[in-house]
Amino acid sequence: MTAVNLVYFAWVRERIGKGEETLDLPESVITAGDLLAHLKTLGEEYEGALEHENVIRVAINQEHVDHREPIAGAREIALFPPMTGG
Amino acid sequence: MTAVNLVYFAWVRERIGKGEETLDLPESVITAGDLLAHLKTLGEEYEGALEHENVIRVAINQEHVDHREPIAGAREIALFPPMTGG
Amino acid sequence: MSGLPVVVRVQRDDFDLAHEVQALSAGRHDIGAIVTFSGLCRDEAGTLSALELEHYPGMAEAEITRICNEAVQRFGLQAVTAIHRYGTIASGENIVLVCAASPHRQAAFDGANFIMDFLKTSAPFWKKEHAADGSERDWVSAKDADDSARDRWTKE
Amino acid sequence: MSGLPVVVRVQRDDFDLAHEVQALSAGRHDIGAIVTFSGLCRDEAGTLSALELEHYPGMAEAEITRICNEAVQRFGLQAVTAIHRYGTIASGENIVLVCAASPHRQAAFDGANFIMDFLKTSAPFWKKEHAADGSERDWVSAKDADDSARDRWTKE
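Residues numbered from 1 in each chain as written. Chains lettered and ligands numbered in written order. Predicted model: local features only at pLDDT ≥ 70, side-chain atom pairs only at ≥ 80, totals over all residues. Heavy atoms only, no water.

**Student:** Can you walk me through the packing of helix α2 (residues 59-75) of chain D against helix α3 (residues 105-122) of chain D in this structure?
**Tutor:** A pair of packed helices can be characterised by two numbers: the angle between their axes and the separation between those axes. Residue and element names in this part refer to chain D. Where α2 contacts α3, the two axes come as close as 9 Å, and the packing angle between them is 150 degrees. One element, α2, and the other, α3, form an angle in the roughly antiparallel class. The element α2 and its partner α3 pack so that their crossing is right-handed. Contact residues: α2 offers E63, I64, R66, I67, C68, E70, A71, R74 and F75, while α3 offers A107, D110, G111, F114, I115, F118, L119 and S122. Here the contact of α2 with α3 is built from residues that sort into ten nonpolar, two polar and five charged. (Axes fitted to C-alpha atoms, helices over the stretch in contact; angles between N-to-C directions. Helix = DSSP H or I, 4+ residues; strand = E, 2+ residues; numbered from the N terminus. Parallel < 35°, antiparallel > 145°, perpendicular 65-115°, else oblique. Left-handed = near helix turned anticlockwise from the far one by under 90°. Contact = heavy atoms within 4.5 Å. Nonpolar A, V, L, I, M, F, W, Y, C, P; charged D, E, K, R; others polar.)

Pasting the structure below:
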């Protein structure tokens, strides 16, 4: 098990019901996509927030990554909807 | 003979040696191009200023026109080089 | 070009366009063109009173800086300033400012346009609408048109 | 849109960017984007001290107004301000300002860009260079690149 800091923004944050948390992840969680699948097993709120996995954006250590990106070594993983700034 | 007000700008003005003048034009001068040809008969300074006729821009009553434009009814005809504002 | 030509700020407070342009160009005689883009909160025909701007602190600054540096390289910009606000922004107020300076006009236009297109699609900011009747509306959805606007820069 | 959305001035004095943007957008909550273009006198690596701007009074205003009105129509702009200076303009100083406001960002960018491209090639202004050593240099030549920039707007 490795502990990782997770941060959530916008409606992902609202649906999960918190802005951040530290979770122990099973070793079977290798990629960002694996992380999303794992989170969806943790409860209805996660399931609701991450229902449409393909729209969820992932950043590792504050850099955008693909869902196929390995999360090994991540200090901080962020999950959020498509951005609407500007 | 009809009298017309002519105005000159930039190096056309400098080469002709004046900014404006009123000239009586022979009736054979129908178009803006005819005007350029006529002016070139009036002296070396006009010849020098209008040597490359195709680069000289013409405005009639403060609107850009083609060299083929008839000048009948013009209150003011301006001759100037390609513009370099902005 | 002296020092770092890119200034990025993510802040709650409003910004002052004139001050930023002044800072960008002060003492310089080699700039030929400055293009500024100000993005404002529209009231959507009176139905919207404000936007709530959420952002990812740290990553927001980093991502905008990355985009600006890419624009400096790509368009040969002399200086860039980009400021993005967060928090509650009432209709009529400023949201974002981009200033791009260059010797020539098209580079300044393209640089500012490029920065805005990428900022829209990759800087971590999210907008929630507050309706004029006091109710909270939903999060603004990302637009396909914004992805298309971004993608035209890689199509050439 | 209330009143005439186009303001054009041809003047000897400098202008104030912040004041013009303020005047353009004051009291409005329907503007989403304002793009400004400032054209400045470059010193050409220290060789140029000033530009002498000659213009055709009357026609200069008329031509810029025509261009701005065309941009309002074509890009659906909410407001446009265009100011062009004449007389002696030292390096580092402003020559021209264009501000374009629109609900959406690309229209504001395109509107300001369009106005500058046509202003360059059809507004009756001419620049003469003053060298840094005090001598008067020649008139600036029109550039083919400026004609090309203008012509791209009619090629689509």
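**Student:** When you look at the arrangement of the chains in this model, what are you seeing that I'm missing?
**Tutor:** The chain pair with the greatest number of contacts, out of three pairs of chains in contact, is formed by chains C and D. As for chain C relative to chain B, no contact occurs, and the smallest C-alpha gap between them is 10 Å. The two units chain A and chain D remain apart, with a minimum C-alpha distance of 10 Å.

**Student:** Looking at this structure, how should I read the pattern of salt bridges?
**Tutor:** Side chains that differ in charge, positive against negative, can pair when their charged atoms come close. Residues and elements named next belong to chain D. Tallied over the entire structure, the rule returns 36 salt bridges over all chains. Salt-bridge contacts for E70 lead to R66; the nearest nitrogen and oxygen are separated by 3.4 Å. Separated by four residues within a single helix, E70 and R66 lie in helix α2, roughly one turn from each other. Given a relative accessible area of 40%, R66 falls into the partly exposed group. (Salt bridge = Lys/Arg side-chain N within 4 Å of Asp/Glu carboxyl O. Buried < 20%, exposed > 50% of the residue type's maximum accessible area, 1.4 Å probe, protein only.)

**Student:** Please explain unusual backbone geometry as it appears in this structure.
**Tutor:** Excluding glycine, residues mostly carry a negative phi; peptide bonds, for their part, are mostly trans. For Q62 of chain B, which is not glycine, the phi dihedral falls at a positive 65 degrees. Here Q62 of chain B shows up in the loop between β3 (57-60) and β4 (63-65). Despite not being glycine, A45 of chain C has its phi angle at roughly 55 degrees, a positive value. Tracing the backbone shows A45 of chain C in the loop between β2 (33-40) and β3 (48-55). Overall, A45 of chain C belongs to the exposed group, its relative accessible area being 79%.

**Student:** Just to check I follow, could you spell out the interface of chain C and chain D for this structure?
**Tutor:** Put simply, an interface is often sized by how much accessible area is lost when its parts join up. Residue-level contacts link 34 residues of chain C with 34 residues of chain D. Carbon and sulfur atoms make up 54% of the area that chain C and chain D hide from each other, which totals about 2,800 Å². For the chain C face of the interface with chain D, the top three residues by lost area are H29, R105 and F109 of chain C, together amounting to 25%. Here chain C and chain D share four salt bridges between them. Residues D146 of chain D and R105 of chain C are paired through a salt bridge, measuring 3.1 Å at the closest nitrogen-oxygen approach. Taken together, the links from chain C to chain D amount to 17 residue pairs in polar contact (both at pLDDT 80 or more). Put simply, the parts of the chain that give the side of chain C that touches chain D at least two residues each are α1 (17-25), β2, α3 (105-122) and α4 (144-151) of chain C. Two strands pair when backbone bridges link them, and β2 of chain C and strand β2 (residues 33-40) of chain D are joined in this way by seven bridges, in the antiparallel orientation. Residue pairing for β2 of chain D: V35 of chain C is matched across the bridge by F37 of chain D. (Buried area = accessible area lost by both parts, 1.4 Å probe. Polar contact = N/O pair within 3.5 Å; in protein donor to acceptor, adjacent residues only side chain to side chain. Pairing = 2+ DSSP bridges.)

**Student:** For this particular structure, what's the right way to read the relation of the copies chain C and chain D?
**Tutor:** In this arrangement, two copies of a chain are superimposed by a rotation about an axis accompanied by a shift along the axis. Between chain C and chain D, which share one sequence, the superposing operator has a rotation angle of 180 degrees and an axial displacement of 0.0 Å; the RMSD is 0.0 Å. Interpreted geometrically, this transformation is the action of a two-fold axis. Most of the interface of chain C is mirrored in chain D: 100% of its interface residues are interface residues there too. (Least-squares fit on C-alpha atoms with pLDDT ≥ 70 in both.)

**Student:** Before we go on, may I ask you to explain the sheet that holds strand β6 (residues 94-102) of chain C in this structure?
**Tutor:** Where strands meet in a sheet, backbone hydrogen bonds hold them as pairs that are either parallel or antiparallel. On the basis of which strands lie adjacent, the open sheet formed by eight strands has the order β1(C)-β4(C)-β6(C)-β2(C)-β2(D)-β6(D)-β4(D)-β1(D) and mixed pairing. The open sheet has two edge strands, β1 (6-11) of chain C together with β1 (6-11) of chain D, and neither has a second partner. With strand direction ignored, the average angle separating the axes of adjacent strands in the sheet is 10 degrees. With six bridges connecting them, β1 of chain D and strand β4 (residues 79-85) of chain D associate as parallel partners. Along β4 of chain D, the bridge assignment pairs V10 of chain D with H84 of chain D. Across the sheet, helix α2 (residues 59-75) of chain C touches β1 and β4 (79-85) of chain C, and the angle it forms with β1 of chain C is around 155 degrees. Strand contacts of α3 of chain D: β2 of chain C together with β2, β4 and β6 (94-102) of chain D, with the helix running at about 145 degrees to β6 of chain D, the strand carrying the most contacts.

**Student:** Can you walk me through the packing of aromatic side chains in this structure?
**Tutor:** Applying the stated rule across the entire model yields 20 aromatic pairs over all chains. Ring centres of F114 of chain D and W153 of chain D lie 5.5 Å apart, and the angle between their planes is 75 degrees; on these two criteria the pair is classed as edge-to-face. Within this pair, whereas F114 of chain D is found in helix α3, its partner W153 of chain D is found in the segment after α4 (144-151), the two being separated by 39 residues in sequence. Given the relative accessible area of 1%, F114 of chain D is considered buried. Taken together through their ring pairs, the aromatic side chains of F9 and F80 of chain A together with Y56 and W126 of chain C make up a single cluster. (Phe/Tyr/Trp six-rings, centres within 6.5 Å; stacked < 30°, edge-to-face > 60°.)

By themselves, these observations are geometric and do not establish any function.
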